[in-house]
Amino acid sequence: MSEFDYDLFVIGAGSGGVRAGRMSSSFGARVGMCEDMRVGGTCVMRGCVPKKLLVYGSSFHDEIEDARAYGWSVDPSTVRLDWAHMIDKKDVELERLEGIYHTLLGNAGVELINGRGRLIDAHTVDVDGKTVTAERILIATGGWPSMPDIPGIEHVITSNEALDLKELPRRMIIVGAGYIAVEFAGVFSGVGVEVTEIIRAPNILRGFDEDVRDHLRQEMTKRGVNILSDTTIDGIEKSADGYTLTLGDGSTLETDLVMYATGRSPKTSDLGLENLGIELDRKSAIVVNEHYQTNVANIYALGDVTDRVNLTPVAIAEGMALAHSLYNNNPRIMDYEFIPSAVFSHPPIGSVGLTEEQARERSDIDVYVSRFKPMKHTLSGRDEQALMKLIVEQETDRVIGLHLVGPDSPEMAQGFAVAMKAGATKAHFDSTVGIHPTAAEELVTMREKTR
(Lines give C-alpha, C1' and ligand atoms only; values in the text may rest on other atoms or scores of the structure.)
Protein backbone atom coordinates (compact mmCIF):
# COMPACT_ATOMS: atom_id res chain seq x y z
CA MET A 1 0.00 0.00 0.00
CA SER A 2 1.41 3.39 -1.04
CA GLU A 3 1.91 6.04 1.60
CA PHE A 4 0.32 8.58 -0.78
CA ASP A 5 -3.24 9.07 -2.02
CA TYR A 6 -2.02 9.26 -5.63
CA ASP A 7 1.02 8.41 -7.69
CA LEU A 8 0.50 11.64 -9.63
CA PHE A 9 -1.59 14.68 -8.78
CA VAL A 10 -2.15 17.27 -11.50
CA ILE A 11 -2.97 20.89 -10.73
CA GLY A 12 -4.83 22.17 -13.78
CA ALA A 13 -7.23 20.40 -16.15
CA GLY A 14 -6.21 22.05 -19.41
CA SER A 15 -4.85 20.38 -22.53
CA GLY A 16 -1.44 19.48 -21.10
CA GLY A 17 -2.62 18.42 -17.67
CA VAL A 18 -5.48 16.32 -18.99
CA ARG A 19 -3.26 14.49 -21.47
CA ALA A 20 -0.57 13.82 -18.87
CA GLY A 21 -3.14 12.61 -16.35
CA ARG A 22 -5.05 10.39 -18.76
CA MET A 23 -1.95 8.77 -20.21
CA SER A 24 -0.35 8.24 -16.80
CA SER A 25 -3.51 6.55 -15.59
CA SER A 26 -3.60 4.33 -18.69
CA PHE A 27 -0.08 3.19 -17.78
CA GLY A 28 -1.24 2.13 -14.32
CA ALA A 29 -0.63 5.22 -12.20
CA ARG A 30 -3.19 6.38 -9.65
CA VAL A 31 -3.98 9.92 -10.81
CA GLY A 32 -5.85 12.79 -9.21
CA MET A 33 -6.48 16.21 -10.71
CA CYS A 34 -7.94 19.53 -9.62
CA GLU A 35 -9.34 22.49 -11.54
CA ASP A 36 -10.96 25.67 -10.25
CA MET A 37 -12.40 26.74 -13.62
CA ARG A 38 -13.93 24.83 -16.53
CA VAL A 39 -12.36 21.50 -17.47
CA GLY A 40 -10.62 21.75 -20.84
CA GLY A 41 -8.49 24.78 -20.08
CA THR A 42 -7.76 27.90 -22.08
CA CYS A 43 -7.73 26.30 -25.52
CA VAL A 44 -11.10 24.61 -25.33
CA MET A 45 -12.96 27.02 -23.07
CA ARG A 46 -11.34 30.46 -23.49
CA GLY A 47 -9.11 30.28 -26.55
CA CYS A 48 -8.51 28.31 -29.72
CA VAL A 49 -11.85 26.54 -30.06
CA PRO A 50 -14.36 29.33 -29.34
CA LYS A 51 -12.12 31.82 -31.15
CA LYS A 52 -12.03 29.73 -34.33
CA LEU A 53 -15.80 29.29 -34.22
CA LEU A 54 -16.08 33.08 -34.23
CA VAL A 55 -13.49 33.26 -37.03
CA TYR A 56 -15.72 30.98 -39.09
CA GLY A 57 -18.79 33.03 -38.22
CA SER A 58 -17.14 36.32 -39.13
CA SER A 59 -16.05 34.99 -42.54
CA PHE A 60 -19.53 34.56 -44.00
CA HIS A 61 -19.88 38.23 -44.89
CA ASP A 62 -17.04 37.86 -47.39
CA GLU A 63 -18.46 34.56 -48.64
CA ILE A 64 -21.81 36.21 -49.31
CA GLU A 65 -20.16 39.07 -51.21
CA ASP A 66 -18.09 36.64 -53.25
CA ALA A 67 -21.16 34.52 -54.00
CA ARG A 68 -22.79 37.49 -55.75
CA ALA A 69 -19.76 37.77 -58.03
CA TYR A 70 -20.24 34.12 -58.97
CA GLY A 71 -23.87 34.71 -59.96
CA TRP A 72 -25.76 33.97 -56.77
CA SER A 73 -28.68 36.33 -56.15
CA VAL A 74 -28.14 37.77 -52.70
CA ASP A 75 -29.78 40.99 -51.56
CA PRO A 76 -27.28 42.75 -49.28
CA SER A 77 -30.09 44.64 -47.54
CA THR A 78 -31.53 41.38 -46.19
CA VAL A 79 -28.24 40.03 -44.87
CA ARG A 80 -27.67 40.60 -41.17
CA LEU A 81 -25.86 38.83 -38.36
CA ASP A 82 -27.54 37.73 -35.14
CA TRP A 83 -24.41 37.96 -33.00
CA ALA A 84 -26.16 36.76 -29.83
CA HIS A 85 -27.26 33.63 -31.70
CA MET A 86 -23.66 32.92 -32.71
CA ILE A 87 -22.48 33.32 -29.11
CA ASP A 88 -25.25 31.03 -27.86
CA LYS A 89 -24.34 28.35 -30.41
CA LYS A 90 -20.68 28.66 -29.41
CA ASP A 91 -21.63 28.18 -25.76
CA VAL A 92 -23.60 25.03 -26.57
CA GLU A 93 -20.56 23.58 -28.32
CA LEU A 94 -18.31 24.40 -25.36
CA GLU A 95 -20.75 22.64 -23.02
CA ARG A 96 -20.57 19.58 -25.26
CA LEU A 97 -16.77 19.62 -25.29
CA GLU A 98 -16.51 20.06 -21.54
CA GLY A 99 -18.77 17.06 -21.09
CA ILE A 100 -16.46 15.03 -23.31
CA TYR A 101 -13.45 16.03 -21.19
CA HIS A 102 -15.23 14.94 -18.01
CA THR A 103 -16.09 11.63 -19.66
CA LEU A 104 -12.54 11.08 -20.89
CA LEU A 105 -11.09 11.68 -17.43
CA GLY A 106 -13.68 9.48 -15.78
CA ASN A 107 -13.17 6.63 -18.24
CA ALA A 108 -9.42 6.88 -17.73
CA GLY A 109 -9.82 6.52 -13.97
CA VAL A 110 -8.60 10.03 -13.16
CA GLU A 111 -10.23 11.44 -10.02
CA LEU A 112 -11.22 15.07 -10.60
CA ILE A 113 -11.61 17.46 -7.69
CA ASN A 114 -13.22 20.85 -8.24
CA GLY A 115 -11.18 23.57 -6.57
CA ARG A 116 -7.90 25.46 -6.57
CA GLY A 117 -4.82 23.48 -5.72
CA ARG A 118 -2.08 24.96 -3.54
CA LEU A 119 1.15 23.25 -2.58
CA ILE A 120 1.63 22.68 1.14
CA ASP A 121 4.84 20.70 0.82
CA ALA A 122 6.54 18.56 -1.81
CA HIS A 123 3.93 15.81 -1.54
CA THR A 124 0.83 17.62 -0.27
CA VAL A 125 -1.77 19.74 -2.06
CA ASP A 126 -4.63 21.63 -0.48
CA VAL A 127 -7.68 21.82 -2.77
CA ASP A 128 -10.01 24.38 -1.20
CA GLY A 129 -9.71 22.76 2.23
CA LYS A 130 -9.34 19.14 1.11
CA THR A 131 -5.82 17.76 1.59
CA VAL A 132 -4.41 15.19 -0.82
CA THR A 133 -0.96 13.62 -1.06
CA ALA A 134 0.96 12.35 -4.07
CA GLU A 135 4.33 10.85 -4.87
CA ARG A 136 4.65 13.29 -7.78
CA ILE A 137 2.88 16.56 -8.51
CA LEU A 138 2.43 18.17 -11.93
CA ILE A 139 1.63 21.86 -12.33
CA ALA A 140 -0.21 22.59 -15.57
CA THR A 141 -2.11 25.77 -14.80
CA GLY A 142 -1.44 27.52 -18.10
CA GLY A 143 -1.43 31.28 -18.61
CA TRP A 144 -3.70 34.28 -18.16
CA PRO A 145 -4.11 37.63 -19.96
CA SER A 146 -1.75 40.31 -18.64
CA MET A 147 -2.40 44.05 -18.80
CA PRO A 148 -0.40 47.18 -18.00
CA ASP A 149 -1.01 49.22 -14.86
CA ILE A 150 -2.44 52.41 -16.33
CA PRO A 151 -5.32 54.64 -15.18
CA GLY A 152 -8.65 53.23 -16.32
CA ILE A 153 -7.45 49.73 -17.08
CA GLU A 154 -10.47 48.44 -15.12
CA HIS A 155 -12.68 49.54 -18.04
CA VAL A 156 -11.18 47.16 -20.61
CA ILE A 157 -11.96 43.59 -21.58
CA THR A 158 -9.57 40.78 -22.52
CA SER A 159 -9.93 37.88 -24.93
CA ASN A 160 -11.80 36.04 -22.17
CA GLU A 161 -14.67 38.52 -22.17
CA ALA A 162 -14.50 39.15 -25.93
CA LEU A 163 -15.65 35.58 -26.49
CA ASP A 164 -18.80 36.19 -24.45
CA LEU A 165 -19.99 39.61 -25.66
CA LYS A 166 -23.78 39.57 -25.87
CA GLU A 167 -23.93 42.49 -28.30
CA LEU A 168 -21.53 44.14 -30.71
CA PRO A 169 -20.14 47.66 -30.31
CA ARG A 170 -20.13 50.03 -33.26
CA ARG A 171 -16.49 51.04 -32.62
CA MET A 172 -13.79 49.02 -30.92
CA ILE A 173 -10.14 49.52 -30.06
CA ILE A 174 -7.91 46.45 -29.72
CA VAL A 175 -4.57 47.03 -28.02
CA GLY A 176 -1.81 44.60 -28.91
CA ALA A 177 0.25 43.34 -31.83
CA GLY A 178 0.30 39.59 -31.22
CA TYR A 179 -1.72 36.78 -32.71
CA ILE A 180 -4.64 37.19 -30.30
CA ALA A 181 -4.97 40.87 -31.22
CA VAL A 182 -4.87 40.34 -34.98
CA GLU A 183 -7.25 37.39 -34.79
CA PHE A 184 -9.88 39.34 -32.86
CA ALA A 185 -9.35 42.36 -35.10
CA GLY A 186 -10.29 40.12 -38.01
CA VAL A 187 -13.31 38.67 -36.22
CA PHE A 188 -14.83 41.97 -35.16
CA SER A 189 -14.00 43.77 -38.39
CA GLY A 190 -15.54 40.85 -40.27
CA VAL A 191 -18.87 41.29 -38.48
CA GLY A 192 -19.02 45.01 -39.18
CA VAL A 193 -17.36 46.65 -36.17
CA GLU A 194 -15.10 49.65 -36.86
CA VAL A 195 -11.80 48.29 -35.50
CA THR A 196 -8.69 50.25 -34.60
CA GLU A 197 -5.67 48.22 -33.52
CA ILE A 198 -3.12 50.09 -31.42
CA ILE A 199 0.40 48.69 -31.30
CA ARG A 200 3.42 49.96 -29.42
CA ALA A 201 5.86 48.49 -31.96
CA PRO A 202 6.37 49.47 -35.60
CA ASN A 203 4.59 46.35 -36.87
CA ILE A 204 2.30 43.48 -35.87
CA LEU A 205 3.29 39.92 -34.96
CA ARG A 206 6.74 40.26 -33.45
CA GLY A 207 8.67 37.01 -33.89
CA PHE A 208 7.04 36.09 -37.20
CA ASP A 209 8.77 36.34 -40.57
CA GLU A 210 9.06 39.94 -41.78
CA ASP A 211 7.40 39.22 -45.13
CA VAL A 212 4.49 37.62 -43.29
CA ARG A 213 4.14 40.58 -40.94
CA ASP A 214 4.11 43.11 -43.76
CA HIS A 215 1.78 41.05 -45.94
CA LEU A 216 -0.82 40.43 -43.25
CA ARG A 217 -0.80 44.08 -42.24
CA GLN A 218 -1.52 45.12 -45.82
CA GLU A 219 -4.39 42.63 -46.10
CA MET A 220 -5.88 43.66 -42.75
CA THR A 221 -5.75 47.30 -43.79
CA LYS A 222 -7.55 46.47 -47.04
CA ARG A 223 -10.30 44.91 -44.94
CA GLY A 224 -10.77 48.10 -42.96
CA VAL A 225 -8.72 47.54 -39.81
CA ASN A 226 -7.00 50.79 -38.85
CA ILE A 227 -3.58 49.92 -37.40
CA LEU A 228 -1.80 52.64 -35.39
CA SER A 229 1.91 51.88 -35.00
CA ASP A 230 4.40 53.24 -32.45
CA THR A 231 1.47 54.27 -30.26
CA THR A 232 1.06 54.04 -26.51
CA ILE A 233 -1.89 54.62 -24.20
CA ASP A 234 -1.51 56.69 -21.05
CA GLY A 235 -5.04 56.33 -19.70
CA ILE A 236 -8.66 55.35 -20.32
CA GLU A 237 -11.70 57.29 -19.10
CA LYS A 238 -15.37 56.35 -19.16
CA SER A 239 -17.40 58.87 -21.10
CA ALA A 240 -21.09 59.38 -21.71
CA ASP A 241 -20.93 57.59 -25.05
CA GLY A 242 -18.20 55.05 -24.39
CA TYR A 243 -14.53 55.51 -23.55
CA THR A 244 -11.84 58.11 -24.21
CA LEU A 245 -8.25 56.96 -24.62
CA THR A 246 -5.41 59.38 -24.02
CA LEU A 247 -2.45 58.46 -26.20
CA GLY A 248 1.22 58.94 -25.49
CA ASP A 249 1.41 61.98 -27.76
CA GLY A 250 -1.43 63.68 -25.88
CA SER A 251 -4.12 63.07 -28.51
CA THR A 252 -7.35 61.23 -27.71
CA LEU A 253 -9.51 58.54 -29.30
CA GLU A 254 -13.19 57.80 -28.71
CA THR A 255 -14.56 54.28 -28.81
CA ASP A 256 -17.38 52.07 -27.54
CA LEU A 257 -15.22 49.19 -26.29
CA VAL A 258 -11.56 48.61 -25.47
CA MET A 259 -9.95 45.17 -25.60
CA TYR A 260 -6.41 44.50 -24.39
CA ALA A 261 -4.43 41.66 -25.95
CA THR A 262 -0.96 42.67 -24.80
CA GLY A 263 0.27 39.24 -23.81
CA ARG A 264 -0.28 36.40 -21.40
CA SER A 265 1.55 35.56 -18.20
CA PRO A 266 2.20 32.15 -16.59
CA LYS A 267 -0.49 31.42 -14.02
CA THR A 268 1.81 30.82 -11.05
CA SER A 269 0.40 33.07 -8.33
CA ASP A 270 -1.42 31.61 -5.33
CA LEU A 271 -0.13 28.08 -5.97
CA GLY A 272 2.09 27.87 -2.90
CA LEU A 273 5.25 27.68 -5.00
CA GLU A 274 7.07 29.90 -2.56
CA ASN A 275 6.44 27.34 0.19
CA LEU A 276 8.84 24.98 -1.57
CA GLY A 277 11.19 27.49 -3.16
CA ILE A 278 10.26 26.40 -6.68
CA GLU A 279 12.36 28.43 -9.11
CA LEU A 280 10.63 30.98 -11.35
CA ASP A 281 12.15 33.04 -14.13
CA ARG A 282 11.83 36.81 -14.53
CA LYS A 283 8.41 36.38 -16.18
CA SER A 284 7.19 34.23 -13.24
CA ALA A 285 7.28 31.08 -15.38
CA ILE A 286 8.24 27.82 -13.69
CA VAL A 287 11.78 26.77 -14.60
CA VAL A 288 12.06 23.12 -15.66
CA ASN A 289 14.65 20.87 -17.26
CA GLU A 290 14.17 18.82 -20.44
CA HIS A 291 12.21 16.26 -18.39
CA TYR A 292 9.76 18.96 -17.11
CA GLN A 293 11.24 18.63 -13.63
CA THR A 294 11.47 21.67 -11.36
CA ASN A 295 14.24 22.25 -8.83
CA VAL A 296 12.11 20.16 -6.44
CA ALA A 297 12.74 16.66 -7.75
CA ASN A 298 9.22 15.20 -7.55
CA ILE A 299 7.39 18.31 -8.80
CA TYR A 300 6.94 18.84 -12.53
CA ALA A 301 5.47 21.52 -14.78
CA LEU A 302 4.58 21.77 -18.45
CA GLY A 303 2.62 23.85 -20.93
CA ASP A 304 2.16 27.61 -20.86
CA VAL A 305 3.01 27.84 -17.16
CA THR A 306 6.63 27.19 -18.21
CA ASP A 307 6.46 29.86 -20.97
CA ARG A 308 8.49 28.07 -23.63
CA VAL A 309 6.46 27.23 -26.74
CA ASN A 310 2.96 28.33 -25.76
CA LEU A 311 0.84 26.24 -28.09
CA THR A 312 -1.85 23.73 -27.15
CA PRO A 313 -0.46 20.83 -29.21
CA VAL A 314 2.94 21.42 -27.60
CA ALA A 315 1.44 21.13 -24.11
CA ILE A 316 -0.30 17.92 -25.19
CA ALA A 317 2.94 16.49 -26.59
CA GLU A 318 4.77 17.44 -23.40
CA GLY A 319 2.09 15.69 -21.36
CA MET A 320 2.51 12.56 -23.48
CA ALA A 321 6.29 12.64 -23.09
CA LEU A 322 6.06 13.04 -19.32
CA ALA A 323 3.56 10.19 -18.90
CA HIS A 324 5.67 7.82 -21.01
CA SER A 325 8.81 8.80 -19.14
CA LEU A 326 7.39 8.40 -15.65
CA TYR A 327 4.97 5.51 -15.98
CA ASN A 328 5.65 3.57 -19.20
CA ASN A 329 9.39 2.96 -18.87
CA ASN A 330 9.81 4.85 -22.13
CA PRO A 331 11.84 8.03 -21.53
CA ARG A 332 10.99 10.76 -24.03
CA ILE A 333 12.41 14.19 -24.64
CA MET A 334 10.28 16.66 -26.57
CA ASP A 335 11.69 17.82 -29.90
CA TYR A 336 10.81 21.49 -30.38
CA GLU A 337 12.19 21.82 -33.92
CA PHE A 338 9.80 22.46 -36.81
CA ILE A 339 6.71 22.98 -34.69
CA PRO A 340 3.99 24.27 -37.02
CA SER A 341 1.84 27.18 -35.95
CA ALA A 342 -1.15 29.08 -37.28
CA VAL A 343 -2.68 32.50 -36.83
CA PHE A 344 -6.39 32.51 -37.64
CA SER A 345 -6.31 36.06 -38.88
CA HIS A 346 -8.17 37.37 -41.94
CA PRO A 347 -6.48 35.98 -44.06
CA PRO A 348 -4.85 33.20 -41.98
CA ILE A 349 -1.18 32.36 -41.54
CA GLY A 350 0.57 28.99 -41.53
CA SER A 351 4.21 28.76 -40.47
CA VAL A 352 6.81 26.04 -39.94
CA GLY A 353 10.45 26.39 -39.01
CA LEU A 354 12.72 29.42 -39.04
CA THR A 355 11.99 32.96 -40.12
CA GLU A 356 14.31 34.43 -42.74
CA GLU A 357 16.03 36.49 -40.04
CA GLN A 358 16.61 33.45 -37.82
CA ALA A 359 17.82 31.36 -40.75
CA ARG A 360 20.37 33.98 -41.86
CA GLU A 361 21.88 33.96 -38.39
CA ARG A 362 22.36 30.19 -38.66
CA SER A 363 23.67 29.65 -42.19
CA ASP A 364 23.69 30.79 -45.81
CA ILE A 365 20.22 30.48 -47.29
CA ASP A 366 18.21 30.80 -50.48
CA VAL A 367 14.78 32.44 -50.28
CA TYR A 368 11.82 31.79 -52.58
CA VAL A 369 8.80 34.10 -52.40
CA SER A 370 5.59 34.07 -54.41
CA ARG A 371 2.68 36.51 -54.22
CA PHE A 372 -0.48 35.91 -56.25
CA LYS A 373 -4.23 36.40 -56.32
CA PRO A 374 -6.01 33.25 -55.07
CA MET A 375 -7.94 31.61 -57.90
CA LYS A 376 -11.27 32.14 -56.12
CA HIS A 377 -10.82 35.90 -56.37
CA THR A 378 -10.15 35.95 -60.11
CA LEU A 379 -13.96 35.93 -60.42
CA SER A 380 -14.94 37.51 -57.11
CA GLY A 381 -12.68 40.48 -57.81
CA ARG A 382 -11.68 40.72 -54.17
CA ASP A 383 -8.45 42.65 -53.71
CA GLU A 384 -6.52 39.99 -51.85
CA GLN A 385 -3.06 38.54 -52.36
CA ALA A 386 -1.65 35.28 -51.02
CA LEU A 387 1.97 34.92 -49.89
CA MET A 388 4.10 31.78 -49.99
CA LYS A 389 7.71 31.63 -48.87
CA LEU A 390 10.36 28.92 -48.63
CA ILE A 391 13.71 29.26 -46.88
CA VAL A 392 16.36 26.77 -47.94
CA GLU A 393 19.70 26.05 -46.27
CA GLN A 394 22.32 26.21 -49.01
CA GLU A 395 24.71 23.64 -47.56
CA THR A 396 22.12 20.88 -47.11
CA ASP A 397 19.36 22.01 -49.52
CA ARG A 398 16.99 21.38 -46.61
CA VAL A 399 13.82 23.48 -46.37
CA ILE A 400 14.13 25.09 -42.93
CA GLY A 401 11.36 27.68 -43.16
CA LEU A 402 7.90 27.72 -44.73
CA HIS A 403 5.53 30.67 -44.35
CA LEU A 404 2.08 31.12 -45.86
CA VAL A 405 -0.57 33.84 -45.77
CA GLY A 406 -3.86 33.18 -47.51
CA PRO A 407 -6.84 30.83 -47.64
CA ASP A 408 -6.24 27.40 -46.08
CA SER A 409 -2.68 28.30 -45.01
CA PRO A 410 -2.91 26.47 -41.64
CA GLU A 411 -4.15 23.30 -43.35
CA MET A 412 -1.30 23.41 -45.87
CA ALA A 413 1.31 24.11 -43.20
CA GLN A 414 0.31 21.03 -41.21
CA GLY A 415 1.00 18.70 -44.13
CA PHE A 416 4.27 20.31 -45.12
CA ALA A 417 5.39 20.23 -41.46
CA VAL A 418 5.55 16.42 -41.73
CA ALA A 419 7.87 16.66 -44.72
CA MET A 420 10.08 19.24 -43.04
CA LYS A 421 10.27 17.17 -39.86
CA ALA A 422 11.46 14.29 -42.02
CA GLY A 423 14.22 16.47 -43.51
CA ALA A 424 12.70 17.37 -46.88
CA THR A 425 15.00 19.26 -49.24
CA LYS A 426 14.18 21.76 -51.95
CA ALA A 427 14.94 18.98 -54.42
CA HIS A 428 12.20 16.89 -52.79
CA PHE A 429 9.77 19.80 -53.13
CA ASP A 430 10.77 20.32 -56.77
CA SER A 431 10.36 16.64 -57.65
CA THR A 432 6.89 16.43 -56.10
CA VAL A 433 4.02 16.65 -58.56
CA GLY A 434 1.63 19.45 -57.71
CA ILE A 435 -2.13 19.13 -57.43
CA HIS A 436 -3.70 21.43 -60.01
CA PRO A 437 -5.38 23.80 -59.61
CA THR A 438 -4.56 24.47 -55.95
CA ALA A 439 -2.71 27.14 -54.05
CA ALA A 440 -0.52 24.48 -52.43
CA GLU A 441 1.05 23.52 -55.77
CA GLU A 442 2.85 26.86 -55.70
CA LEU A 443 5.12 25.42 -52.99
CA VAL A 444 6.37 22.68 -55.30
CA THR A 445 6.74 24.86 -58.39
CA MET A 446 8.89 27.73 -57.09
CA ARG A 447 12.07 27.59 -59.16
CA GLU A 448 13.43 31.14 -59.23
CA LYS A 449 15.21 32.39 -56.12
CA THR A 450 13.96 35.72 -54.82
CA ARG A 451 17.21 36.38 -52.95
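Look up: the structure comes first, before these words.
Parameters and conventions
- By convention here, each chain's residues receive numbers from 1 onward along its written sequence.
- Per-residue local features are limited, in this predicted model, to residues with pLDDT of at least 70; the limit for side-chain atom pairs, both in listing and counting, is 80 or more; totals at the level of whole chains, interfaces and linings are taken over all residues.
- Working from all heavy atoms in the structure, the side-chain values ignore hydrogens and water.
- Secondary structure elements follow DSSP: runs of H or I no shorter than four residues count as helices, runs of E no shorter than two count as strands, and numbering proceeds from the N terminus.
- Every radius of gyration here is taken over C-alpha atoms, with the globule rule written as 2.2 Å times N^0.38, N being the number of residues.
- Think of it in three bands: with a 1.4 Å probe and only protein chains considered, a residue is buried below 20% of the maximum accessible area for its type, exposed above 50%, and partly exposed in between.
- Residue contacts follow a heavy-atom distance rule, with two residues in contact if any of their heavy atoms lie within 4.5 Å.
- To measure how exposed things are, a 1.4 Å probe is used in the Shrake-Rupley method; for residues, cover is taken only from the protein chains shown.
- For this count, His and the chain ends are skipped, Lys and Arg are scored as positive, and Asp and Glu as negative.
- Where a charge lies is defined by one atom per residue type: Lys uses NZ, Arg uses CZ, Asp uses CG and Glu uses CD.
- For patch detection, residues must exceed 30% relative accessible area and be free of salt bridges, and they are connected within 9 Å for like charges or within 5 Å for nonpolar side chains (Val, Leu, Ile, Met, Phe, Trp, Tyr).
- A pairing counts as a salt bridge when a side-chain nitrogen of Lys or Arg comes within 4 Å of a carboxyl oxygen of Asp or Glu.
- Paired strands, in this sense, are two strands between which DSSP finds at least two bridges.
- Simply put, an axis is a line fit to the C-alpha atoms, just over the touching stretch for a helix, and the angle between two N-to-C directions goes from 0 to 180 degrees.
- Put simply, buried Ala, Val, Leu, Ile, Met, Phe, Trp, Tyr and Cys residues joined by side-chain atoms within 4.5 Å make one nonpolar core.
- Within 6.5 Å between ring centres, the rings of Phe, Tyr and Trp (the latter by its six-membered ring) count as paired, and their orientation is classed by plane angle as stacked under 30 degrees, edge-to-face over 60, tilted in between.

With that out of the way, let us pick up the overall build of the protein. Secondary structure summary: the protein contains 13 helices and 21 strands in total. Relative to the globule expectation of 22 Å for 451 residues, the C-alpha radius of gyration of the protein, 24 Å, shows essentially globular dimensions. The principal-axis extents of the C-alpha atoms in the protein amount to approximately 70 × 65 × 45 Å. Within the protein, buried positions represent 51% of all 451 residues. Taking as baseline every contact in the protein between residues at least 6 positions apart, the subset at least 24 positions apart corresponds to 64%. Accessible area for the protein stands at about 20900 Å²; split by element, carbon and sulfur atoms hold 51% of it. Of the charged side chains in the protein, 45 are positive and 67 negative, and the gap between their average positions amounts to 3 Å.

The grouping of Tyr70, Trp72 and Leu379 at the surface amounts to a nonpolar patch, some 400 Å² of accessible area in total. Mapping Leu379 onto the fold places it in helix H11 (residues 376-380). Leu379 sits in the exposed class, given a relative accessible area of 55%.

Overall, antiparallel pairing links the five strands, which are arranged S17-S18-S21-S20-S19 in an open sheet. Two strands close off the open sheet at either side, each with one partner strand: strand S17 (341-343) and strand S19 (365-372). For this sheet, the mean angle separating the axes of adjacent strands, direction not counted, is 10°. Where strand S20 (residues 386-393) meets strand S21 (residues 399-405), six bridges bridge the pair, whose relative direction is antiparallel. From the neighbouring strand, Val392 faces S21, where its bridge partner is Val399.

Another aspect to go through is the nonpolar core. The tendency in soluble globular proteins is for nonpolar side chains to be buried as a group. Membership of the largest hydrophobic core comes to 65 residues, with the highest contact counts inside it found for Phe188, Met259 and Leu402. Sorting elements by how many residues they give to this core places helix H6 (residues 179-190) first, with seven residues. Excluding anything up to four places from it in sequence, Phe188 contacts Trp83, Ala162, Leu165, Leu168, Met172, Val193 and Val195.

This part takes up the side chain of Glu441. With respect to the helices and strands, Glu441 occurs in the segment after helix H13 (426-431). Buried charged residue Glu441 carries no salt bridge. Nearest counter-charge: Arg447, at 9.7 Å. Apart from the residues within four sequence positions on either side, Glu441 is in contact with Gly434, Ile435 and His436.

What the rule picks out here adds up to four aromatic pairs. Summarising the aromatic geometry, the rings of Tyr6 and Phe9 are spaced 5.6 Å apart at their centres and angled 45° between planes, so their arrangement reads as tilted. Here the two residues Tyr6 and Phe9 agree in accessibility, since each one is buried. Between the aromatic rings of Trp83 and Phe188, the centroid separation amounts to 5.7 Å while the plane-to-plane angle is 40°, which identifies the pairing as tilted. Taken together, the residues Trp83 in helix H4 (residues 83-108) and Phe188 in helix H6 connect sequence positions 105 residues apart. No difference in accessibility class separates Trp83 from Phe188, as the two residues are buried.

Before going further, it helps to examine the pattern of salt bridges. Applying the stated rule across the entire model yields 38 salt bridges. The shortest N-O distance in the salt bridge between Arg38 and Glu95 comes to 3.7 Å. Here the residue Arg38 occupies a position in the loop between strand S2 (31-35) and helix H2 (41-46), and Glu95 occupies one in helix H4, the gap between them amounting to 57 residues. Given the relative accessible area of 30%, Arg38 is considered partly exposed. A salt bridge links Asp256 to Arg171, with the nearest nitrogen and oxygen atoms 2.8 Å apart. Here Arg171 lies in strand S8 (residues 171-175) and Asp256 lies in the loop between strand S13 (252-255) and strand S14 (258-260), a separation of 85 residues in the sequence. Residues joined by salt bridges that share partners form a network here, namely Asp62, Glu63, Glu65, Asp66, Arg223, Lys376, Arg382 and Glu384.

As a further point, take the environment of Gly353. Its place among the elements puts Gly353 in strand S18 (residues 349-353). The partly exposed category is assigned to Gly353, whose relative accessible area is 29%. Taking C-alpha positions, Gly353 is 11 Å from Val418, a pair spaced 65 residues apart along the chain.

Bringing the sheet that holds S8 into the picture now. Here four strands make up an open sheet; going across it, the order is S10-S9-S8-S14 and the pairing parallel. Bordering the open sheet on either side are strand S10 (226-228) and S14, each of which pairs with just one other strand. Across the sheet, the axes of successive neighbouring strands diverge by a mean angle of 20°, strand direction being ignored. Here S8 runs beside strand S9 (residues 194-198); their pairing, made up of five bridges, is parallel. Bridge pairing in S9 places Ile173 opposite Thr196.

Side chains on a regular strand alternate between the two faces of the sheet. In terms of burial, S18 is largely enclosed, as four of its five residues are buried. With three bridges joining them, S17 and S18 adopt antiparallel strand pairing. Bridge assignment links Val343 to a residue of S18, and that residue is Ile349. In sequence, S17 turns back onto S18 through a hairpin of five residues. Where S18 meets S21, five bridges bridge the pair, whose relative direction is antiparallel. Bridging across to S21, Val352 finds its partner in Leu402.

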